[in-house]
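# Fold and contact review
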Amino acid sequence: MDDTPIGRAAQLAVEALGRAGQGLPRPEQTRVMVVANQKGGVGKTTTTVNLAASLALHGARVLVIDLDPQGNASTALGVDHHAEVPSVYDVLVEAKPLAEVVQPVPDVEGLFCAPATIDLAGAEIELVSLVARESRLKRAIDAYEQPLDYIFIDCPPSLGLLTVNAMVAGNEVLIPIQCEYYALEGLGQLLHNVDLVRGHLNPRLHVSTILLTMYDGRTRLASQVADEVRGHFGAEVLRTSIPRSVRISEAPSYGQTVLTYDPGSSGSLSYLEAAREMALRGMPRQGEAHHERHDGGAQ
Ligand code: ATP
Ligand code: MG
């Protein structure tokens with residue numbers, strides 16, 4: 001599968017977990033994950049690209065849709081997104097087919113990206129006057145014919161029309177929470193928006209996954225915040241949390257995920273483990289997968 005040095009190294013990381021042979025169950029239907037938190041800098045993009053790469057390295061077919069005008073997910077995946085590149089802007093505003101903007105991610109087989117360009121900054125306003133302004137991304141995804149196991153939508157740090165488009169298109173909301181003092185502030189508003197979209201536009205939408213990021217186990221604050229989040233949400237919180245790691249933060253400047261940049265690092269292994277947990281949980285109605293997760297969870 002991987003004939004590049006980076007691809008081979010990443011494959012070694014998957015094997016380092018000792019579970020590569022087992023593979024991961026592939027969902028029956030495409031799981032569309034909305035990665036959202038209107039708080040900035042909590043790890044949305046980092047989580048999007050590294051979970052997506054982890055699942056692709058396990059053989060899944062994965063598409064990342066970069067819905068943030070900053071284009072950070074496109075950068076981190078090494079995908080070209082200068083102003084002339086066909087992008088998510090064209091899909092949302094010009095109704096260009098998604099297939100015409102999707103690019104393969106270098107070095108990770110099975111991983112694809114619909115890039116964001118700076119035009120997307122204007123889309124929030126331009127969408128207001130367009131028909132079906134909340135469901136343009138959903139239409140584009142429904143018309144996309146390539147088979148996919150997962151779609152991750154990396155949202156901007158706001159609750160505007162771009163994020164609403166993601167929530168209308170998705171089934172599951174994945175909320176990364178940074179383990180710091182103000183972690184839970186603003187979360188009520190995010191959950192309220194999820195309820196509104198579920199009530200009016202997309203009855204399937206639910207918060208399925210919460211991931212603790214930038215966790216520093218040496219500080220009492222981080223473990224207090226983690227306890228509080230687990231107390232609040234319980235079952236949705238992945239048992240794996242992502243440690244603060246220099247390697248994770250360095251990878252994007254090389255246009256790489258941490259999986260290919262430093263496959264054996266703690267950051268890489270924790271994202272692989274979080275991806276595994278997410279895949280084994282499956283959709284909530286897959287009760288068996290849930291059961292298996294508990295039995296097989298001892299490490
Ligand atoms: P925005 O709201 O601007 O889109 P975001 O929620 O997408 O931000 P990221 O860009 O993923 O957040 O992360 C914010 C910063 O924190 C980045 O510089 C990133 O490299 C760094 N970072 C994310 N996760 C970790 C981690 N586990 N360890 C160390 N640094 C991290
Ligand atoms: Mg981001």
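Residues numbered from 1 in each chain as written. Chains lettered and ligands numbered in written order. Predicted model: local features only at pLDDT ≥ 70, side-chain atom pairs only at ≥ 80, totals over all residues. Heavy atoms only, no water.

On to the site of ligand 1. Lining the immediate environment of ligand 1, one finds 18 residues, of which Lys44, Thr45, Thr46, Pro243 and Ser245 sit closest. Lys44 is positioned such that a nitrogen or oxygen atom in its side chain is 2.8 Å from an oxygen atom of ligand 1. Separating a nitrogen atom of ligand 1 from a backbone N or O atom of Pro243 is a distance of 2.9 Å. For ligand 1, whose unbound accessible area comes to 630 Å², protein coverage reaches 80%. Of all the secondary-structure elements, those providing two or more residues to the shell around ligand 1 are α2 (44-57) and α10 (246-250). At three residues, the largest contribution of residues to the shell around ligand 1 is made by α2. Residue composition of the shell around ligand 1, grouped by class: six nonpolar, eight polar and four charged. (Near = heavy atom within 4 Å. Polar contact = N/O pair within 3.5 Å; in protein donor to acceptor, adjacent residues only side chain to side chain. Areas by Shrake-Rupley, 256 points an atom, 1.4 Å probe, with all protein chains shown as cover. Helix = DSSP H or I, 4+ residues; strand = E, 2+ residues; numbered from the N terminus. Nonpolar A, V, L, I, M, F, W, Y, C, P; charged D, E, K, R; others polar.)

We now examine the pairing of strand β5 (residues 150-154). Most of β5 sits out of view: five of its five residues are buried. The two faces of β5 match: Tyr150, Phe152 and Asp154 on one face and Ile151 and Ile153 on the other face are all buried. The pairing of strand β1 (residues 31-35) with β5 spans five bridges and is parallel. Across the sheet, residue Met33 finds its bridge partner in β5, namely Phe152. Here strand β2 (residues 62-66) runs beside β5; their pairing, made up of five bridges, is parallel. Pairing of Leu63 across the sheet is with Ile151, part of β5. (Buried < 20%, exposed > 50% of the residue type's maximum accessible area, 1.4 Å probe, protein only. Pairing = 2+ DSSP bridges.)

Bringing a nonpolar patch on the surface into the picture now. The grouping of Tyr181, Tyr182 and Leu221 at the surface amounts to a nonpolar patch, some 350 Å² of accessible area in total. Structurally, the position occupied by Tyr182 is in the loop between β6 (172-178) and α8 (187-200). (Patch = residues over 30% accessible without salt bridge, like charges linked within 9 Å, V, L, I, M, F, W, Y side chains within 5 Å. Salt bridge = Lys/Arg side-chain N within 4 Å of Asp/Glu carboxyl O.)

Along the polypeptide, Gln178 turns up in strand β6. Looking at Gln178, the relative accessible area reads 13%, which means it is buried. Apart from the residues lying within four places of it in its own chain, the contact partners of Gln178 are Gly41, Val42, Ala183, Thr213, Met214, Val225 and Arg244. (Contact = heavy atoms within 4.5 Å.)

Right, let's get into the packing of α2 against helix α12 (residues 266-281). Contact geometry for α2 and α12: axes closest at 9 Å, N-to-C directions at 75°. The angle between α2 and α12 places the two elements in the roughly perpendicular class. For the pair formed by α2 and α12, the contact residues are Thr46, Thr47, Asn50, Leu51, Ser54 and Leu55 on the first element and Tyr271, Leu272, Ala274, Ala275, Met278 and Ala279 on the second. Split by residue class, the contact of α2 with α12 holds eight nonpolar, four polar and no charged. (Axes fitted to C-alpha atoms, helices over the stretch in contact; angles between N-to-C directions. Parallel < 35°, antiparallel > 145°, perpendicular 65-115°, else oblique.)

Turning our attention to the pattern of salt bridges. Note that side chains of opposite charge can pair when their charged atoms are close. This structure, assessed with the given rule, holds twelve salt bridges. Between Arg247 and Asp262 there is a salt bridge; the shortest N-O distance is 2.7 Å. Here the residue Arg247 occupies a position in helix α10, and Asp262 occupies one in the loop between α11 (258-261) and α12, the gap between them amounting to 15 residues. Ionic pairing is found between Glu277 and Arg281, a salt bridge with its closest N-O pair at 3.8 Å. A residue pair is termed a helical-turn pair when its members lie 3 or 4 positions apart in one helix, as Glu277 and Arg281 do in helix α12 at four residues. Residue Glu277 shares its accessibility class with Arg281, and that shared class is buried. If you follow the salt bridges from partner to partner, you end up with Arg239, Glu277 and Arg281 in one network.

This part is about the side chain of Asp68. With respect to the secondary-structure elements, Asp68 resides in the loop between β2 and α3 (72-76). One buried charged residue, Asp68, forms no salt bridge at all, with the nearest opposite charge on Lys44 at 6.6 Å. Those residues in contact with Asp68, other than ones at most four positions away along the chain, are Ala116, Leu120, Asp154, Cys155, Pro156 and Pro157. (Lys, Arg positive; Asp, Glu negative; His and termini not counted.)

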